[in-house]
There are 4 protein chains.
Amino acid sequence: MAGSTFGKNFTVTTWGESHGKALGVVVDGCPAGLPLCEEDIQTYLNRRKPGSTRYATPRREDDSVQILSGVFEGKTTGTPISLLVPNTSQRSADYTEIASYYRPGHADYTFDEKYGFRDYRGGGRSSGRETIGRVASGAIAAKILKELGIEICAYTKAIGPVSIDMSRFDQDAITQTATGMPDRIASTQAEEYLSSCMAQLDSSGGIIECRITGMPAGIGEPVFDKLDARLGSAILSIGAVKAFEIGDGTAVASARGSENNDAFYTDENGVHKKTNHAGGILGGISDGDTILLRAYVKPTPSIFRQQETIGKDHENRSIQIKGRHDPVIVPRAVVVVECMTALAILDLVMENMTAKMDNLIDFYRK
Amino acid sequence: MAGSTFGKNFTVTTWGESHGKALGVVVDGCPAGLPLCEEDIQTYLNRRKPGSTRYATPRREDDSVQILSGVFEGKTTGTPISLLVPNTSQRSADYTEIASYYRPGHADYTFDEKYGFRDYRGGGRSSGRETIGRVASGAIAAKILKELGIEICAYTKAIGPVSIDMSRFDQDAITQTATGMPDRIASTQAEEYLSSCMAQLDSSGGIIECRITGMPAGIGEPVFDKLDARLGSAILSIGAVKAFEIGDGTAVASARGSENNDAFYTDENGVHKKTNHAGGILGGISDGDTILLRAYVKPTPSIFRQQETIGKDHENRSIQIKGRHDPVIVPRAVVVVECMTALAILDLVMENMTAKMDNLIDFYRK
Amino acid sequence: MAGSTFGKNFTVTTWGESHGKALGVVVDGCPAGLPLCEEDIQTYLNRRKPGSTRYATPRREDDSVQILSGVFEGKTTGTPISLLVPNTSQRSADYTEIASYYRPGHADYTFDEKYGFRDYRGGGRSSGRETIGRVASGAIAAKILKELGIEICAYTKAIGPVSIDMSRFDQDAITQTATGMPDRIASTQAEEYLSSCMAQLDSSGGIIECRITGMPAGIGEPVFDKLDARLGSAILSIGAVKAFEIGDGTAVASARGSENNDAFYTDENGVHKKTNHAGGILGGISDGDTILLRAYVKPTPSIFRQQETIGKDHENRSIQIKGRHDPVIVPRAVVVVECMTALAILDLVMENMTAKMDNLIDFYRK
Amino acid sequence: MAGSTFGKNFTVTTWGESHGKALGVVVDGCPAGLPLCEEDIQTYLNRRKPGSTRYATPRREDDSVQILSGVFEGKTTGTPISLLVPNTSQRSADYTEIASYYRPGHADYTFDEKYGFRDYRGGGRSSGRETIGRVASGAIAAKILKELGIEICAYTKAIGPVSIDMSRFDQDAITQTATGMPDRIASTQAEEYLSSCMAQLDSSGGIIECRITGMPAGIGEPVFDKLDARLGSAILSIGAVKAFEIGDGTAVASARGSENNDAFYTDENGVHKKTNHAGGILGGISDGDTILLRAYVKPTPSIFRQQETIGKDHENRSIQIKGRHDPVIVPRAVVVVECMTALAILDLVMENMTAKMDNLIDFYRK
């Protein structure tokens with residue numbers, strides 16, 4: 001497979017380019033009987049929609065989702081769910097110049113090397129709009145997980161040098177601030193930082209953190225499909241993500257075993273751990289604790305400064321990018337991280353249902 | 001699939017437990033006509049073998065590989081290659097106590113929660129010995145890549161607080177030092193640090209870095225099978241890895257676009273980049289530059305100090321682990337990182353052969 | 001996966017119900033650089049369109065295909081091709097009665113048992129309209145194969161007791177007769193037979209045969225993905241097909257080895273076989289000869305006679321089906337067989353490109 | 001994947017050549033907690049063992065299976081089960097001549113065309129011994145299905161012109177007769193027919209039939225993974241099978257709808273069908289009735305008569321095959337059909353456990 005499909009049990013296949021007729025996704029393997037309407041999905045898509053703040057591109061897309069199949073009388077039928085979002089605001093004229101050179105930090109050059117040519121309009125398939133299919137399908141996965149008691153919450157942890165203070169954590173702020181930060185004070189500081197970046201025709205990187213609560217123990221497979229590996233694969237497949245951590249992440253390298261081990265204990269509510277350096281995963285399998293992951297996102301490569309690069313015929317030249325580009329990718333990618341996490345988790349939640357012989361016997365003999 | 005298989009084109013399926021009769025791997029999809037003998041594989045297995053230094057467990061395993069199928073008259077036949085390594089040094093008696101409690105930082109608890117019981121001897125399937133199949137099959141992948149001009153080199157970058165100095169890089173040192181460091185001075189310092197950890201009945205984490213050179217541009221698929229995602233999935237599936245980076249990795253979060261973008265330029269040898277913050281991957285596809293990745297490895301969870309935990313019936317208790325355990329996982333995991341990298345790269349190298357219609361026409365019509 | 005995806009290299013995922021908003025397919029893995037327009041696909045869809053003769057349902061669908069992604073400036077880009085066919089002629093009112101009972105020979109009962117409920121409008125996902133995605137994507141596969149010199153031709157071999165005479169084979173007749181037969185005399189006889197079936201409120205089964213010419217030797221994988229197994233899987237996944245044959249098919253059971261073996265010989269044009277009982281496949285791999293397969297199709301289960309069955313609450317009752325139903329499935333399924341064959345063949349044609357180490361070396365080192 | 005793997009949930013990967021060191025299979029996804037010992041598997045392997053009658057090759061193999069992993073204290077652990085059968089009776093000397101020519105009806109030519117060369121000893125990977133891995137893993141699948149109340153029974157239906165009479169059906173005879181027929185009278189006649197074939201240095205084809213009883217309704221996926229398609233794929237992947245039928249099979253082509261439809265009815269035991277032309281499958285999903293399938297097996301291609309063929313350098317020549325060859329493939333293939341059926345059924349039985357949202361809720365919330 002050419003890699004537009006994710007998941008083995010809850011399988012999503014995305015399609016579409018920035019300036020094609022539409023983008024979309026087909027979900028195969030969604031269990032039957034889930035109440036589902038377009039609004040369930042639209043809520044998630046709205047969170048990645050451009051145009052809401054001055055740190056997001058002024059391009060205006062409705063990004064209205066249509067459910068074309070797989071839902072009947074308000075419930076999923078078990079057959080493939082096809083979701084489509086028309087492209088309504090393509091201004092292809094903006095992009096004709098781009099066809100003539102390779103933008104630094106973009107996939108222009110690598111697409112041409114791989115395929116011989118590319119759809120250069122707005123980045124084509126390598127555009128951020130490619131994430132529409134991820135978010136639309138992830139919204140369904142998140143809804144199913146919620147029914148099972150599993151909640152996923154992603155937010156901006158840092159933009160450039162500005163990090164949130166967890167003691168000020170305010171979940172509502174995630175969708176209310178322009179930055180996706182759950183800390184209004186840090187958000188204001190981050191906005192100031194972004195303004196200075198923009199003034200200097202520059203852009204900023206940042207960090208997205210994601211917590212999964214309500215996880216049962218036992219989710220994840222022991223070897224190549226470890227929960228960490230599947231989550232990592234999901235998150236690292238998002239454009240611009242250059243690092244991924246579980247739990248203490250990179251900090252484990254300088255830790256000692258006596259610091260890093262999480263002690264188990266039992267109280268009247270069951271088994272717990274005194275700490276959670278492991279981020280809720282042991283041996284690739286969930287331990288029942290909160291799962292914690294982080295994605296490190298590079299600065300928007302489209303900056304308005306003059307840059308050195310090569311042209312289509314590999315001649316050296318300098319360029320100045322125009323058009324609509326966010327000074328930071330992170331705020332709009334928060335919901336993408338949340339949705340990719342949902343897809344990875346649900347896939348393994350479904351996989352786990354056949355782990356024990358007793359499960360099969362309970363299902364078929366009772 | 002229950003996740004013991006990696007890869008779509010060069011597909012490996014590993015099996016085996018620490019104290020079972022043997023461990024092994026089946027490779028399906030290996031191209032026909034590759035010269036291959038047991039020595040090609042044994043060389044790699046020897047690099048992960050225990051017992052070579054005082055920082056590795058004194059358990060002695062020959063870990064001798066046998067090729068059971070798929071090779072005829074010294075060449076691969078295109079049919080599955082079955083590789084087997086007998087377990088020869090099982091001292092199961094050491095592990096009977098472990099059956100009665102859940103070790104902190106280990107998969108004991110999660111396996112029991114998932115499957116209802118576990119093979120507790122030496123960690124069973126969650127043992128480090130599970131990597132034998134990865135290394136044996138990765139050795140074949142690495143040999144194929146070498147024939148295509150692609151070389152992979154992994155090494156220890158840091159142990160606890162001790163990091164290598166790249167100006168002292170000495171490739172021979174990787175396999176000659178006890179630490180896997182390519183810097184003999186840092187290696188000596190790291191050994192001292194490990195000695196102090198051991199004296200304190202403690203263990204240390206560390207960092208493994210890996211470079212892939214000779215990569216053609218165009219390898220990797222644009223969406224879910226981005227080269228970064230597949231490499232991340234491969235590396236994060238290795239036990240004890242808690243973070244993964246490509247290129248500048250976590251540092252991109254605090255970088256600006258003007259710093260992070262790599263400028264393209266052309267000289268008489270072709271297209272290059274002035275810097276390589278991207279780690280050789282743009283939009284999930286190799287750009288022809290060196291690929292650089294890092295794995296962050298947690299400290300060995302088996303430490304000899306007294307630890308708090310729970311017993312099999314979830315009762316609170318304290319334990320003291322005995323047996324044979326390395327004070328650091330990193331040195332023996334270097335070759336595992338190298339081999340998982342080879343598996344991920346080769347799989348996408350094969351995938352890429354059908355990217356263009358011209359490729360099919362060249363193959364079938366000429 | 002829930003089985004709406006076919007193929008590993010040229011991967012198609014179909015979606016859509018008879019009376020939903022649309023039906024469609026996503027093709028992932030189509031090589032870049034293939035000239036492709038909607039007309040290429042429409043030509044195939046027109047061959048399965050209802051309404052062309054009195055043996056096909058009078059329901060009128062335009063079945064106009066739209067290419068939504070993956071094609072830029074008239075050529076495939078290597079990214080997913082999304083094809084959509086709107087449903088324009090749904091008369092849901094016709095089908096409300098069907099909700100109340102289980103039609104014999106249909107999937108009504110099994111869908112309800114599996115999913116708890118079903119989209120009962122026109123058969124929902126089990127409708128013959130489900131094949132639209134197969135045909136649309138198969139048209140692309142067939143176009144690629146044609147570029148490689150491989151041609152696929154399916155036709156009606158028999159309807160009820162009426163079989164074609166191969167000595168009268170006339171390829172043009174396949175698309176010109178109402179039956180899909182390449183023999184105008186047999187076609188007329190078959191039409192008479194169908195008229196008598198209709199007069200008796202009954203329906204007829206039939207046989208579709210398919211020939212693949214221009215096949216290179218070496219296509220197919222030796223064990224589970226034998227060319228016969230993949231073709232069988234493709235054809236048996238078409239609704240109403242109850243038997244599948246390669247070459248001499250069922251006749252081999254009563255043959256002797258001396259009759260069934262095909263003798264190889266060489267002449268100035270290369271290697272040939274004196275006979276082709278094997279149908280062009282030996283050991284699961286193409287031998288360079290014409291591949292010959294047959295699909296046996298059951299009679300349309302929707303007949304207008306009174307039938308015994310059960311209602312939704314499992315009460316015994318009798319029913320009389322109304323609406324629009326062909327008296328035979330075969331003529332419209334001819335193009336479906338052709339397209340599924342194309343999908344299976346192309347997938348293995350692509351798979352075969354990595355069979356030899358020399359192939360990789362030629363591709364990457366030259 | 002190169003096609004040595006079957007199944008998505010209960011996944012088996014076979015390996016090994018006729019004259020290599022061993023053959024085997026890795027089973028991934030076997031639920032934990034199934035009691036399993038080598039005897040469970042050996043029983044099935046003994047049924048395909050050569051040497052039991054004069055219609056089977058005198059080659060003597062113990063074919064003793066070893067469980068190398070995945071079983072602990074007599075129960076499956078949920079991790080991969082590696083099964084190995086050593087080759088003990090290789091007489092490679094017999095086969096050296098074969099290297100110089102291409103046997104009619106064999107895969108010699110196609111392997112050479114695909115891979116450039118082949119392991120010619122005893123047919124290598126295309127030998128009937130390749131089925132050892134299928135039978136060993138199928139034995140486990142059959143044991144699981146039995147626990148769920150699903151029983152699979154295959155038997156020889158015909159050899160050449162001799163067919164069984166179902167009114168004399170005697171299940172014990174299947175393993176007691178030399179032919180695998182459940183009818184002792186027909187078996188004696190078939191033996192006579194085979195003796196005459198042998199006297200004429202010839203071989204015979206035949207038919208294997210298989211019944212699956214105790215099937216719950218709802219197994220199978222609606223489109224490409226229809227139960228018929230998966231069963232067909234499983235059976236057609238067995239060497240020498242040239243046709244596959246479900247239920248009435250090829251006979252549906254000449255049937256009318258009024259004859260072919262199976263009427264549903266309800267009695268005090270639930271829902272039934274008055275007839276079973278459909279062979280227990282409607283719309284690709286089991287309907288709760290007995291599943292009935294048939295495989296048509298070609299005559300052994302290795303016959304002792306002089307045959308025309310080509311040599312390694314494509315020169316025309318005639319050959320006379322020596323060595324050990326059964327005059328009919330069918331009797332030893334009966335257990336292979338049974339085991340491949342078990343693998344296909346179990347895979348879909350597991351897949352079905354996530355078909356409904358209620359299933360997930362029952363599993364995770366109760």
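Values in this document were obtained by computation on a predicted structure and should not be read as measured data. All residue numbers here refer to positions counted from 1 along the written sequence of the relevant chain. Whichever chain is written first is A, and whichever ligand is written first is 1; the rest continue in order. With pLDDT at 70 or above as the cut-off, local features in this predicted model cover only qualifying residues; side-chain atom pairs require 80 or more to be listed or tallied, and sums for whole chains, interfaces and linings still use all residues. Heavy atoms from the whole structure form the basis of all side-chain values; hydrogens and water molecules are not counted.

1. With respect to the overall build of chain A
Phase 1: Counting secondary structure elements, chain A contains 9 helices and 19 strands.
Phase 2: Two things to know: the radius of gyration comes from C-alpha atoms, and the globule rule equals 2.2 Å times the number of residues to the power 0.38. Taking 21 Å as the expected radius of gyration for a compact globule of 366 residues, we find that chain A reaches 22 Å, a close match to that expectation.
Phase 3: For chain A, the residues scored as buried account for 67% of the 366 residues in total.
Phase 4: Residues are treated as being in contact if the distance between any of their heavy atoms lies within 4.5 Å. Sequence separation of at least 24 residues holds for 68% of the intrachain contacts in chain A that already meet a minimum separation of 6.
Phase 5: The method behind every accessible area is Shrake-Rupley, applied with a 1.4 Å probe, and residues are considered shielded solely by the protein chains displayed. Summed over its atoms, the accessible surface of chain A is roughly 10900 Å², and 47% of this surface lies on carbon and sulfur atoms.
Phase 6: Positive and negative charge centroids in chain A, built from 40 and 46 side chains respectively, lie 4 Å apart. Where helices and strands are cited, they refer to DSSP runs of H or I of at least four residues and of E of at least two residues respectively, numbered from the N terminus. A 1.4 Å probe rolled over the protein chains alone gives each residue an accessible area, and that area as a share of the maximum for its type sets the label: buried under 20%, exposed over 50%, partly exposed in between. In this tally, Asp and Glu contribute negative charge and Lys and Arg positive charge; neither His nor the terminal groups of the chain are included. Think of each charge as sitting on NZ of Lys, CZ of Arg, CG of Asp or CD of Glu.

2. Observations concerning helix H6 (residues 227-236) of chain B
Phase 1: Burial runs high along H6(B): 10 of the 10 residues are buried.
Phase 2: Buried residues of H6(B): Leu227(B), Asp228(B), Ala229(B), Arg230(B), Leu231(B), Gly232(B), Ser233(B), Ala234(B), Ile235(B) and Leu236(B), and no others.

3. What to know about the sheet that holds strand S4 (residues 66-67) of chain B
All names here are of chain B.
Phase 1: One open sheet holds the 5 strands; their spatial order is S1-S2-S3-S7-S4, and the pairing between them is antiparallel. Since the sheet does not close on itself, it has two edges, and those belong to strand S1 (5-6) and S4, each with one partner.
Phase 2: When DSSP finds two or more bridges between two strands, those strands count as paired. As paired strands, strand S2 (residues 11-16) and strand S3 (residues 22-28) are joined by 6 bridges and run antiparallel to one another. Following the sheet pairing, Thr-11 is matched in S3 by Asp-28.

4. Some details on the environment of Ile185(D)
Phase 1: Relative to the assigned elements, Ile185(D) resides in helix H5 (residues 184-199).
Phase 2: Residues Ile185(D) and Arg129(D) lie 56 residues apart in sequence; the distance between their C-alpha atoms is 30 Å.

5. Brief notes about the pairing of strand S13 (residues 264-267) of chain B
Residue and element names in this part refer to chain B.
Phase 1: Examined bridge by bridge, S13 and strand S14 (residues 270-273) share 4 bridges and lie antiparallel to one another. For Tyr-265, the partnering residue across the bridge sits in S14 and is His-272.
Phase 2: Hairpin remark: S13 followed by S14, antiparallel, with 2 residues in the connecting loop.

6. Some details on the interface of chain C and chain D
Phase 1: Each partner contributes residues to the interface: chain C has 104 residues there, and chain D has 104 residues.
Phase 2: When chain C packs against chain D, close to 8100 Å² is buried across both sides, 58% of that on carbon and sulfur atoms.
Phase 3: As used here, buried area is the combined drop in accessible area, with a 1.4 Å probe, of two parts when they are placed together. When residues of chain C are sorted by the area they lose upon contact with chain D, Lys114(C), Phe224(C) and Lys242(C) head the list and together hold 11% of the total.
Phase 4: One side-chain nitrogen of Lys or Arg within 4 Å of one carboxyl oxygen of Asp or Glu is enough to make a salt bridge. Summed over the shared surface of chain C and chain D, the result is 2 salt bridges.

7. Some words on helix H5 (residues 184-199) of chain C
All names here are of chain C.
Phase 1: By this rule, a helix spans an expected 1.5 Å times one less than how many residues it contains. For H5, spanning 16 residues, the distance from its first C-alpha to its last is 23 Å, which sits close to the expected 22 Å at 1.5 Å a residue.
Phase 2: Those residues of H5 not exposed but buried are Ala-186, Ser-187, Ala-190, Tyr-193, Leu-194 and Cys-197. Looking straight down H5, one finds that the buried residues subtend no more than 120° of arc, so they occupy a single side. Turned more than 90 degrees away from the buried face of H5 sit Glu-192 and Ala-199, all of them exposed. Summarising the geometry, the arc corresponds to the directions from the helix axis toward the C-beta atoms.

8. Concerning the interface of chain D and chain B
Interface size, as often reported, equals the accessible area lost upon joining of the parts.
Phase 1: With 45 residues of chain D at the contact, the number on the chain B side is 45 residues.
Phase 2: Note on chain D versus chain B: buried area summed over both sides is about 3400 Å², and carbon and sulfur give 64% of it.
Phase 3: Counting across the chain D and chain B interface gives 2 salt bridges.
Phase 4: The partner of Lys21(D) in a salt bridge is Glu38(B), with the nearest N and O atoms 3.6 Å apart.
Phase 5: Throughout this description, a polar contact denotes any pair of N or O atoms lying within 3.5 Å of each other; where both atoms belong to protein, one of them has to be capable of donating a hydrogen while the other can accept it, and for residues adjacent in sequence the pair is counted only when both atoms sit in side chains. If you look at where chain D meets chain B, you find 10 residue pairs in polar contact (both at pLDDT 80 or more).

9. Description of the relation of the copies chain C and chain D
Phase 1: When the copies are overlaid, the least-squares fit takes in C-alpha atoms only where the residue has pLDDT of at least 70 in both copies. With an RMSD of 0.0 Å, the fit of chain C onto chain D corresponds to turning through 180° and sliding 0.0 Å along the axis. Both copies of the chain, as the preceding transformation shows, are related through a two-fold rotation axis.
Phase 2: When the interface residues of chain C are mapped onto chain D, 100% of them are again interface residues, pointing to one common binding face.

10. Things to note about unusual backbone geometry
Phase 1: Despite not being glycine, Glu73(B) has its phi angle at roughly 50°, a positive value.
Phase 2: In this structure, Glu73(B) sits in the loop between strand S5 (71-72) and strand S6 (75-76).
Phase 3: Residue Glu73(B) is classed as exposed on the basis of its relative accessible area, which comes to 59%.
Phase 4: One non-glycine residue, Leu201(D), adopts positive backbone phi at about 55°.
Phase 5: Along the chain, the position of Leu201(D) falls in the loop between H5 and strand S10 (206-213).

11. A few points about the relation of the copies chain D and chain B
Phase 1: Between chain D and chain B, the superposition needs a rotation of 180° and an axial shift of 0.0 Å, giving an RMSD of 0.0 Å.
Phase 2: Same-surface contact between copies: 100% of interface residues of chain D are shared with the interface of chain B.

12. What to know about the packing of helix H1 (residues 38-48) of chain A against helix H8 (residues 330-351) of chain A
Residues and elements named next belong to chain A.
Phase 1: Packing of H1 against H8 leaves a shortest axis separation of 6 Å and a crossing angle of 140°. In terms of their interaxial angle, H1 and H8 are classed as oblique. Contacts between H1 and H8 involve Tyr-44, Arg-47 and Arg-48 on the former and, on the latter, Arg-332, Val-334, Val-335, Glu-338 and Cys-339.
Phase 2: Considered class by class, the residues forming the contact of H1 with H8 number 4 nonpolar, no polar and 4 charged. For helices, the axis comes from a line fit to the C-alpha atoms of the stretch in contact; other axes are also lines fit to C-alpha atoms, and the angle between any two N-to-C directions lies between 0 and 180 degrees. Just so you know how the angles are binned, under 35 degrees is roughly parallel, over 145 roughly antiparallel, 65 to 115 roughly perpendicular, and the rest oblique. Each residue receives one of three labels: charged for Asp, Glu, Lys and Arg, nonpolar for Ala, Val, Leu, Ile, Met, Phe, Trp, Tyr, Cys and Pro, and polar for the others, Gly being one of them.

13. Observations regarding the pairing of strand S12 (residues 241-246) of chain B
Successive residues of a regular strand alternate their side chains across the two faces of the sheet.
Phase 1: With 6 of 6 residues buried, S12(B) is to be regarded as a mostly interior element.
Phase 2: Taken together, the 3 bridges between strand S12 (residues 241-246) of chain A and S12(B) define a ladder with antiparallel strand orientation. Pairing of Phe244(A) across the sheet is with Phe244(B), part of S12(B).
Phase 3: By the bridge criterion, 5 bridges tie S12(B) to strand S17 (residues 291-297) of chain B in an arrangement that is antiparallel. Among the inter-strand pairings, Phe244(B) is bridged to a residue of S17(B), identified as Ala295(B).

14. Focus: the sheet that holds strand S19 (residues 316-320) of chain A
Residue and element names in this part refer to chain A.
Phase 1: On the basis of which strands lie adjacent, the open sheet formed by 3 strands has the order S8-S18-S19 and antiparallel pairing. The sheet is open, and its two borders are formed by strand S8 (101-102) and S19, each paired with just one other strand.
Phase 2: Where strand S18 (residues 306-311) and S19 come together, 5 bridges link them in antiparallel fashion. For Ile-310, the partnering residue across the bridge sits in S19 and is Asn-316.

15. Description of the packing of aromatic side chains
Phase 1: Centres within 6.5 Å make a pair out of two Phe, Tyr or Trp rings, where for Trp the six-membered ring is used; the pair is then stacked when the planes are under 30 degrees apart, edge-to-face when over 60, and tilted otherwise. Counted under the stated rule, the structure contains 28 aromatic pairs over all chains.
Phase 2: Ring centres 4.8 Å apart and planes at 75° place the aromatic pair Phe363(A) and Tyr364(A) in the edge-to-face group.
Phase 3: Since its relative accessible area comes to 17%, Tyr364(A) is described here as buried.
Phase 4: Each member of the aromatic cluster is reached from another via a ring pair, and the members are Tyr102(A), Tyr109(A) and Phe264(B).
Phase 5: Residue placement shows Lys114(B) over the ring face of Tyr115(B); its charged tip is 5.9 Å from the ring centre.
Phase 6: For a Lys NZ or an Arg CZ to count as sitting over a ring, it must be within 6 Å of the ring centre and within 35 degrees of the ring normal. A cation over an aromatic ring shows up here: Lys75(D) above the ring of Phe117(B), its NZ or CZ 4.6 Å from the ring centre.

16. Focus on the side chain of Arg294(D)
All names here are of chain D.
Phase 1: You can see Arg-294 is positioned in strand S16 (residues 291-297).
Phase 2: Since its relative accessible area comes to 8%, Arg-294 is described here as buried.
Phase 3: Reaching out from Arg-294, the side chain makes a polar contact with the side chain of Glu-209 at a distance of 2.9 Å.
Phase 4: At 2.3 Å, the side chain of Arg-294 forms a polar contact with the backbone oxygen of Gly-247.
Phase 5: When sequence neighbours within four positions are dropped, the list of residues in contact with Arg-294 reads Lys-157, Ile-207, Ile-208, Glu-209, Ala-243, Phe-244, Glu-245, Gly-247, Asp-248 and Gly-249.

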